[in-house]
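Chain residues, written in single-letter form:
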Amino acid sequence: MSDAKLDDWIVATAPRAVAYARSLLRNEHDAEDIVQDCYTRLLAKAAVYDLPRDGMKLLYTAITNATINLNQRRRFTFRLIRSDDSAGEEQSEDPVDRTAVSPDQFAEANELSIAIGMALQKLPPQQRAAIELKSLGFSQNEIGEILGVSSNNAGVLVHRARGAMAEMLMTFRSEEAIR
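These lines cover the structure that appears in this document, whether it is placed above or below. (Residues numbered from 1 in each chain as written. Predicted model: local features only at pLDDT ≥ 70, side-chain atom pairs only at ≥ 80, totals over all residues. Heavy atoms only, no water.)

### Observations regarding the pattern of salt bridges
Thinking step 1. Here the structure, examined in full by the defined rule, presents 5 salt bridges.
Thinking step 2. For the salt bridge of Arg22 with Glu28, the shortest nitrogen-to-oxygen distance reads 3.0 Å.
Thinking step 3. On the basis of relative accessible area, Arg22 is assigned to the partly exposed category, the value being 23%.
Thinking step 4. Taking relative accessible area as the criterion, Glu28 reaches 28% and is therefore assigned partly exposed.
Thinking step 5. The partner of Arg53 in a salt bridge is Asp50, and the shortest N-O contact between them spans 3.4 Å.
Thinking step 6. Here the salt bridges share partners, and the residues they tie into one network are Asp50, Arg53 and Asp54. (Salt bridge = Lys/Arg side-chain N within 4 Å of Asp/Glu carboxyl O. Buried < 20%, exposed > 50% of the residue type's maximum accessible area, 1.4 Å probe, protein only.)

Structure representation (structure tokens):
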């Protein structure tokens, strides 16, 4: 593959790759570092791989493994909300446009967004990766390939992740939605 085609492939795939890594790590800088490292390792073997056909699966597999390794090294110690004066440094974007909703709606959406992030972090790494991949539109077979498990096991991981998330977010579910 020519350098121009590789550049085009990177430009086309990078936003989704960073978004996926960020959803697993909840840290923009770590996500960018991991994605860059994964691209470097993947491109070093570009002659071996068919990147247009298999590149996304290989990239997502590398990102998944790298984020799991990073989280294990850190022993899952991270901060979601900082209470000191430097809180603005690591806060993520507002999940809701403040001008388009009432203050109550904004507060509720922000609270739900934080609760979802905390619930995702409580999931085991493979379940979290499986549900994130599913939310990005990957099929059960593709999730299995990326995570290195069978297609059926990928389905089980997604199912368990959804169940655990539903239980952890029960307080946000309306009585109508529960019935």
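Having seen it, we continue.
### Remarks on the nonpolar core
Thinking step 1. Leu59, Ile63, Leu133, Ile143 and Leu147 are the most contacted members of the largest nonpolar core, which has 34 residues in total.
Thinking step 2. Elements supplying a minimum of two residues to this core: helix H1 (3-25), helix H2 (28-44), helix H3 (51-73), helix H5 (125-135), helix H6 (140-147) and helix H7 (151-168).
Thinking step 3. If near-sequence neighbours (up to four positions away) are discounted, Leu147 is found in contact with Thr64, Gln126, Ala129, Ala130, Leu133 and Leu157.
Thinking step 4. Membership of the second largest hydrophobic core comes to 8 residues, among which are Ala115, Ala119, Ala161 and Leu169. (Core = buried A, V, L, I, M, F, W, Y, C linked by side-chain atoms within 4.5 Å. Helix = DSSP H or I, 4+ residues; strand = E, 2+ residues; numbered from the N terminus. Contact = heavy atoms within 4.5 Å.)

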